[in-house]
Amino acid sequence: MLKAELRKKYKKLRNALSTTQIDDLSIAIANQLLKLPIWEHAFYHVFLAIEEHKEVNTDYILNILSGKDKHIVISKSDFETGLMTNFLLTDNTVIKKNSYNIPEPVDGIEISNDKIEVVFIPLLAFDKQGNRVGYGKGFYDRFLANCKPETIKIGLSFFEAENEITDVFESDVRLDYCVMPKTIYRF
């Protein structure tokens, strides 16, 4: 299936979810993450969910990372350059929604891409080969291309894998894992 078709399909499926369903599914995803061999690292990049888009609620992942005393990294998107700047999440970090309703740090301690060891990635859909479909702006592909090759890339999804995304680009960065409420895909 083409990315544009998948975007349409999965936005519709997400919009049908209630707030309670999103929370229950997000907790299940966070619990599945505990099964992965990823917890010896120090720097974890986490997206902050866009509630209006009914994304996976990453608050539960943030709680796990805090409890494990990990460095949590969040990003700020620059829609002019298409790049993300990464900041350490601290008790003093001020979060504000941008004009796209993306919760972002106002400023803070900048963290370079080469320090980030694990990235939790938002997506609308993914396939059985580890390809993902996001919102189409390429922010995560550019960001991941500038991380170390051994950086672990983990997609989070409420829904099952598609068989194949047919219009994958060479610049698309594949996932290492995709975690769902009841299943973990390894690629």
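Everything below is about the structure shown above.
Residues numbered from 1 in each chain as written. Predicted model: local features only at pLDDT ≥ 70, side-chain atom pairs only at ≥ 80, totals over all residues. Heavy atoms only, no water.

A separate point is the sheet that holds strand β2 (residues 71-78). Pairing within the open sheet is mixed, and its 7 strands lie in the order β3-β2-β1-β6-β9-β10-β11. Since the sheet does not close on itself, it has two edges, and those belong to β3 (83-88) and β11 (184-186), each with one partner. Ignoring which end each strand starts from, the neighbouring axes of this sheet average 25° apart. The pairing of strand β1 (residues 43-45) with strand β6 (residues 118-121) spans 2 bridges and is classified as parallel. Bridging across to β6, Tyr44 finds its partner in Val118. Strand contacts of helix α3 (residues 59-67): β1, β2, β6 and β9 (152-156), with the helix running at about 140° to β2, the strand carrying the most contacts. (Pairing = 2+ DSSP bridges. Helix = DSSP H or I, 4+ residues; strand = E, 2+ residues; numbered from the N terminus. Axes fitted to C-alpha atoms, helices over the stretch in contact; angles between N-to-C directions. Contact = heavy atoms within 4.5 Å.)

Counted according to the given criterion, the structure contains 10 aromatic pairs. Ring geometry for Tyr10 versus Phe159: centroids 5.6 Å apart, planes at 50°, classification tilted. Within this pair, whereas Tyr10 is found in helix α1 (residues 3-15), its partner Phe159 is found in the loop between β9 and β10 (177-179), the two being separated by 149 residues in sequence. Taken individually, Tyr10 and Phe159 each receive the classification buried, so the pair is uniform in this respect. With 6.2 Å between their ring centres and 80° between their planes, Phe158 and Phe159 make a pair best called edge-to-face. Members of the aromatic cluster, each reached through a chain of ring pairs, are Tyr10, Phe158 and Phe159. In this structure, Lys68 packs its charged tip against the face of Trp39, placed 5.4 Å from the ring centre. Geometry around Phe139 places Arg142 over its ring, the cationic atom sitting 5.7 Å from the centre. (Phe/Tyr/Trp six-rings, centres within 6.5 Å; stacked < 30°, edge-to-face > 60°. Buried < 20%, exposed > 50% of the residue type's maximum accessible area, 1.4 Å probe, protein only. Lys NZ or Arg CZ within 6 Å of the ring centre and 35° of its normal.)

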